[in-house]
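# Inside the fold
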Amino acid sequence: MSAIVSGSPPTPNGDLHLGHLSGPYSGADIYTRARRLIGEDAEFLVGSDVHQSYLPEKARELGEDVHEVAERFDGEIERVFARLGFTNRQFVRPQQSELHFAFVQEFFERLHKTAKIQARELPSIYCDSCEIHLVDAYLTGTCPHCGNDDCDGNLCEKCAWPNSCVDLIEPRCNLCGGRPRPSSLERLVFPLGEYADDLRRFHRTVAMSPQLEALCDELLAHGLPDIAVTQPMPWGVPATVPGFERQRYYVWAEMVPGYFAALAESLTLRGRTAGEWRDEWNRSDAVQFFGWDNGYFHSLLFPALMTAYDPELRLPAALLTNEFYQLDDLKFSTSRQHAIWGNDFLTVVPADVCRFVLALDRPEHRQTSFSLEKFHAIANDELAGRWQTWLEGVLDRAAASDTGPVPLSPAHSRFVHTLETLAADCLQSYTAASFSTGRSARALVELVARASDFTETQGRSRGDGSGAGEQLRASALTAETTAARLLAQLAAPIMPSFGAALWRALGEAGEPTWDEVKAPPFERAIAPDRSFFSALHVAVDDVRPERDSDSVVAEVGV
Ligand SMILES: [Zn+2]
Ligand SMILES: [Zn+2]
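Heads up: these notes are all about the structure in this document. Note that the coordinates shown come from a computational prediction; the quantities given were computed from them, not determined experimentally.

## Side note on the pattern of salt bridges
Tallied over the entire structure, the rule returns 34 salt bridges. Put simply, R270 and E43 hold a salt bridge, and the shortest N to O gap is 3.9 Å. In this pair, R270 is assigned in the loop between helix 7 (251-269) and helix 8 (277-282) and E43 in strand 2 (residues 41-47), connecting sequence segments 227 residues apart. With relative accessibility at 27%, the residue R270 sits in the partly exposed group. For E43, a relative accessible area of 5% translates into the label buried. The partner of E71 in a salt bridge is R93, and the shortest N-O contact between them spans 3.4 Å.

## Some thoughts on the coordination of the zinc ion (ligand 1)
Those protein atoms acting as donors to the zinc ion (ligand 1) are C143 (SG), C146 (SG), C156 (SG) and C159 (SG), and they sit at 2.3 to 2.4 Å. If you look at the zinc ion (ligand 1), its four donor atoms make angles of 108 to 112 degrees with each other, and the shape they trace is tetrahedral. Counting residues between consecutive donors of the zinc ion (ligand 1) along the chain gives the motif C-x2-C-x9-C-x2-C. Note that C146 is positioned in the loop between strand 6 (139-142) and strand 7 (151-152) and C156 in the loop between strand 7 and strand 8 (169-173), a separation of 10 residues in sequence.

## Here's the deal with the sheet that holds strand 17 (residues 330-331)
Reading across the sheet, the three strands line up as 17-16-18 and stay open at both edges, with mixed pairing between neighbours. The two strands at the open ends of the sheet, each matched to only one other strand, are strand 17 and strand 18 (368-370).

## Digging into the environment of A384
In this structure, A384 sits in helix 12 (residues 372-400). Measuring from C-alpha to C-alpha, the distance between A384 and S534 comes to 4.9 Å, with 150 residues separating the pair along the chain.

## Some remarks on the sheet that holds strand 6
Sheet architecture is open: three strands sit in the order 7-6-8, paired in antiparallel fashion. Each edge of the open sheet carries a strand with a single partner, namely strand 7 and strand 8. Where strand 6 meets strand 7, two bridges bridge the pair, whose relative direction is antiparallel. The residue of strand 7 that forms the bridge with T140 is D152.

## Considerations on the packing of aromatic side chains
Inspection of the entire model under this criterion finds 29 aromatic pairs. For the ring pair F260 and W281, a centre distance of 5.0 Å and an interplane angle of 85 degrees mean the geometry is edge-to-face. Taken together, the positions of F260 in helix 7 and W281 in helix 8 put the pair 21 residues apart, joining distant regions of the chain. Like W281, F260 is buried.

## Some points on the coordination of the zinc ion (ligand 2)
At 2.2 to 2.3 Å from the zinc ion (ligand 2) lie its protein donor atoms, namely C127 (SG), C130 (SG), C173 (SG) and C176 (SG). Seen from the zinc ion (ligand 2), its four donor atoms lie at angles of 102 to 115 degrees, and the figure they make is tetrahedral. In primary-sequence terms, the residues that donate to the zinc ion (ligand 2) follow C-x2-C-x42-C-x2-C. Residue C130 is located in the loop between strand 4 (118-127) and strand 5 (132-133), and its partner C176 is located in the loop between strand 8 and strand 9 (181-191); the two are separated by 46 residues in the primary sequence.

## Brief notes about the side chain of D29
Looking at the element boundaries, D29 is found in helix 1 (residues 18-37). A polar contact of 2.7 Å, which involves the side chain of D29, links it to the backbone nitrogen of T87. With residues up to four places along the chain from it excluded, the contact list for D29 reads F44, G85, F86, T87 and R355.

The rules behind the values
Here, residues in each chain are numbered from 1, in the same order as that chain's written sequence. Labels are handed out in written order, letters beginning with A for the chains and numbers beginning with 1 for the ligands. Local features in this predicted model are restricted to residues whose pLDDT is 70 or higher, and side-chain atom pairs enter the listing and the counts only when it is 80 or higher, whereas totals over whole chains, interfaces and linings include all residues. As a convention, hydrogens and water are excluded, and side-chain values are obtained from all of the structure's heavy atoms. What counts as a salt bridge is simple: a side-chain nitrogen of Lys or Arg found within 4 Å of a carboxyl oxygen of Asp or Glu. Secondary structure elements follow DSSP: runs of H or I of four or more residues count as helices, runs of E of two or more count as strands, with numbering from the N terminus. Relative accessibility thresholds used throughout: buried, under 20% of the residue-type maximum; exposed, over 50%; partly exposed, between the two (1.4 Å probe, protein chains only). For Na, K and Ca the donor cut-off is 3.2 Å, and for all other metals it is 2.8 Å, counting N, O and S atoms only; because water is absent from this set, sites may look incomplete. Only two sets of limits are used to name each site, 85 to 135 degrees for every angle of a tetrahedral four-donor site, and over 155 degrees for opposite donors with all other angles from 65 to 115 for a square planar four-donor or octahedral six-donor site, with any other site named irregular. Pairing between strands is defined by DSSP: at least two bridges between them are needed. Stacked, tilted and edge-to-face are the three classes applied to pairs of Phe, Tyr and Trp rings, where Trp contributes its six-membered ring and a pair requires centres within 6.5 Å; stacked means planes under 30 degrees apart, edge-to-face means over 60, and tilted covers the rest. Polar contacts, as used here, are pairs of N or O atoms within 3.5 Å; protein pairs need one atom able to donate a hydrogen and one able to accept it. Residues neighboring in sequence count only if both atoms are side-chain atoms. In this analysis, two residues are considered to be in contact whenever any of their non-hydrogen atoms come within 4.5 Å of each other.

Okay, structure coming up:
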């Protein structure tokens, strides 16, 4: 079985901060690597969500050309993904992809031809001074479902419910600040409610969190809305259905054929043809990672659109969400510069350390918060402290050993058996059904804690070098190197460079692969590089320079 793993496309209206990186992208990369560790095929697909209305808004704010803004931030996002060692073969830029436009246009043309979307006059909200119908980033108001007074058009970030823009309370135009008025406009409309029974069946089979299941239940019980799949936007993929050429396809609905196009592109990069995408999709598990606030799209709108497009298409196997990651207990905010940008952070922090901290602290089922204090505790006390000290000792003794692996004593065998239980837990947390990088990372911490305790206990019986207990010492070293080999395997999805370096230091070849809990073929000839982690001292100024210079300017101004 193979897996098609996706992270919801990031919008190139800014660089990515640690909050973004902790979510769908870390999750998707770790999951992809975990599938490969156990010998399965997995492809991580990701690209730019360039057609969001937030992009022209950002360009307007910066006074720059929208295409140049997209280019610049796509480049920054691509750079941070590469620095973190993400395994995506490419970062799809829709504006440079012929396949993307062709797939999107064919998708909606087919939906129209089969009468799955139809022209209809729908209520809209219109700004007289700007002379446009407002959607998405163009308007803000109070969410009719949860009362969030900073809710944008189409979706509330706080309660994750969709809105129709028209139902926002006290809406205001984000272009001019004025009050828009109710109006109406003919658009192509998808009757999402007609797919309610199909969706209920899908929800019984797909792996998803209890939170997402509850959201789906609430939305289905409330009744699903009609969705306009064309919008009167100045930016996006131009609609090609006759009569709607002046509108653009709704950017969220564009994401469905966007995933198919990204798969087709990745096939061409693997020496296959784009036309094989449908077979590849249907023979694979689609595992989709996205922020909790996008739950409605991935669990309701997308599967319904897929079914409408082609009822034979296999629906996703897993929908894996994350909540918001905070910084010092406050929401990451680009506008207030309350953020640590991935590219700044990776200038002073090795990728594996960053990946481990994000995996351990990932906001999977609740919000979590990053702080430099917590970061230093993990990077220095744990990785550069306990892990490095224990591994150095084990590798030194392995390099000096005359015997190589020997049969284990009964007590040493019991120690290794406890590691097998820990490994099973860790591997389970890497599966889609119970995916949690937090649990996997905590299992690694626990593995090293137990192994260092074991080493410390054995140290007491190491003797005086006179030859007494030699057999037991060789058995203890076999158990310790077994633990180190297991650490290399289980850590590889989260810390790929560390996993591979430790694997090779233990005398194994190539990249870590999962087989069983066993001793590596260590022998005296091995002269490993034993420096995996060193202490880090990251100052606020190293990673948040913009915020500091801004606050200085503000203080001087006051
Ligand atoms: Zn809300
Ligand atoms: Zn306006």
